[in-house]
Amino acid sequence: MDRALRMAALGRGLTSPNPLVGAVVISPSGVVVGSGYHRRAGEPHAEVYALRAAGPAARGATLFSTLEPCCHTGSTGPCVDRIVEAGIARVVIGVEDPNPQVHGKGIQFLREHGIAVTVGVRETEAARLNLPFFIRVRYGRPFVMMKVALTRDECVAEALGVRSAITAEQTTSDVHALRAEFDAVGVGSGTVLIDDPELTVRASPQTRPLTRVIFDSRLRVPCSAAMFSTQQAGPILIVTTEAAVTHSSDHAEALESLGARLLVAPLHDLTSALTVLSNEGITSLLLEGGPILHGAAWEAGVVDRVRIYVSQTEFGRSGVRWFRVRSAIVESLNNLDVRMVGPDECTDGYVHRID
Ligand code: AOF
Ligand code: ZN
């Protein structure tokens, strides 16, 4: 199963909205006769690659799969049929598939066909690998990570409306690497107006487009925003309200002609805005700010993971604070990881325990 987990991880960042899955076939004498992993949504499942590699050696063998094998026909056929046809004697599963089309039914089908099934081997690791997939399937929203950069005196800006440098170069690279792991990165319209970020992945190899999401209830984002000049980096979605589109229909059209897509959602309720993004196939979202959007997400209970960078800088009394004191957030996190990134301190943790 450890080997299957390592195989699964090879698809990291490439399979969304589908899960990362790895599979290994072992002969009765304990020899690995086949292995594989899921590479991209719409392409064959991990089990299929492993069975193909094993060929006739799959007969009487054990299949290890990090996720319950599927029993439905989506963009590819049911894996359980192939497992039965291949003559597999035993299936060992990391974690049950939360997808309602599969959940438990894959296991039941295998057992009904005389295959011995063991479930829950390395379950924590198998579930952790696919946290975004699990959250999207269970709650109909993307996995959300809130990221912030604070000064030592816990400010996010030097003064209201002022673009302020906080962290060092090493943190910039660290953030770009983090962005590369997500389907989408999101900011509030205030951040666009003040910081005018490109929200691209610059310091890391980019293997796929990164969707940029702007939460903009009043449609304040200007056509001159830097993001519109980096269209090739990934799609731009503006989540706004029915009222704003009606009120500023010319501006809405102008933004669309620049290549942005407007999605309408009741923005007082961030949960439904996130559902709209989930329906667009977004499984993970990195919320970069500002403090109002962070506060709204935190209050709505839709934050799954938090990362806080703290620099050596201080802005003093005129500085703008985050929506809460750092310790109040950090105290509520689990699986904490604290490390130095150059001169900055980086704290990372999960809102719910992940083991
Ligand atoms: C994957 N890769 O290795 C496994 C998956 O649309 P489909 O046919 O690709 O089906 C996707 C569903 O299949 C997915 O949501 C999950 O429930 C199940 N298993 N999916 O993409 C895999 N084993
Ligand atoms: Zn399958």
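Scroll up to find the structure this text is about.
Bear in mind that the values here come from a model prediction, so they are computed numbers and not experimental data.

Draft legend 1. Structural view of the site of ligand 1. Taken together, 15 residues are adjacent to ligand 1, and Asn18, His45, Ala46, Ser75 and Asp97 come closest. His45 places a side-chain nitrogen or oxygen 2.8 Å from an oxygen atom of ligand 1. Within the contact set of ligand 1, an oxygen atom lies 2.3 Å away from a side-chain nitrogen or oxygen of Asp97. Coverage of ligand 1 by the protein amounts to 93% of the 490 Å² it exposes when considered alone. Taken together, the residues that form the shell around ligand 1 break down as 5 nonpolar, 8 polar and 2 charged.

Draft legend 2. Looking closely at the sheet that holds strand 13 (residues 305-310). Strand order in the open sheet formed by 9 strands is 11-10-9-8-12-6-13-16-15, and the pairing between neighbours is mixed. The open sheet has two edge strands, strand 11 (260-264) and strand 15 (334-341), and neither has a second partner. Neighbour-to-neighbour, the strand axes of this sheet turn through a mean angle of 20 degrees, independent of strand direction. Across 4 bridges, strand 9 (residues 211-215) lies against strand 10 (residues 236-240) in parallel orientation. Residue pairing across strands places Phe215 opposite Val239, the latter belonging to strand 10. The sheet strands contacting helix 7 (residues 169-180) are strand 6 (143-150), strand 8 (184-188), strand 12 (284-289), strand 13, strand 15 and strand 16 (344-350), and the helix crosses strand 13 at an angle near 165 degrees. Together, strand 6, strand 9, strand 10, strand 11 and strand 12 form the strand contacts of helix 11 (residues 270-279), whose direction differs from that of strand 9 by roughly 155 degrees.

Draft legend 3. Focus on the pattern of salt bridges. Under the defined criterion, the tally for this structure stands at 12 salt bridges. Residue Arg179 is joined to Glu288 by a salt bridge in which the shortest nitrogen-to-oxygen separation is 2.7 Å. Within this pair, whereas Arg179 is found in helix 7, its partner Glu288 is found in strand 12, the two being separated by 109 residues in sequence. The exposure class assigned to Glu288 is buried, which follows from its relative accessible area of 14%. Counted as one network, the salt bridges with shared partners bring together Asp174, Arg305, Arg307, Arg339 and Asp348.

Conventions adopted
Residues numbered from 1 in each chain as written. Chains lettered and ligands numbered in written order. Predicted model: local features only at pLDDT ≥ 70, side-chain atom pairs only at ≥ 80, totals over all residues. Heavy atoms only, no water. Near = heavy atom within 4 Å. Polar contact = N/O pair within 3.5 Å; in protein donor to acceptor, adjacent residues only side chain to side chain. Areas by Shrake-Rupley, 256 points an atom, 1.4 Å probe, with all protein chains shown as cover. Nonpolar A, V, L, I, M, F, W, Y, C, P; charged D, E, K, R; others polar. Pairing = 2+ DSSP bridges. Helix = DSSP H or I, 4+ residues; strand = E, 2+ residues; numbered from the N terminus. Axes fitted to C-alpha atoms, helices over the stretch in contact; angles between N-to-C directions. Contact = heavy atoms within 4.5 Å. Salt bridge = Lys/Arg side-chain N within 4 Å of Asp/Glu carboxyl O. Buried < 20%, exposed > 50% of the residue type's maximum accessible area, 1.4 Å probe, protein only.

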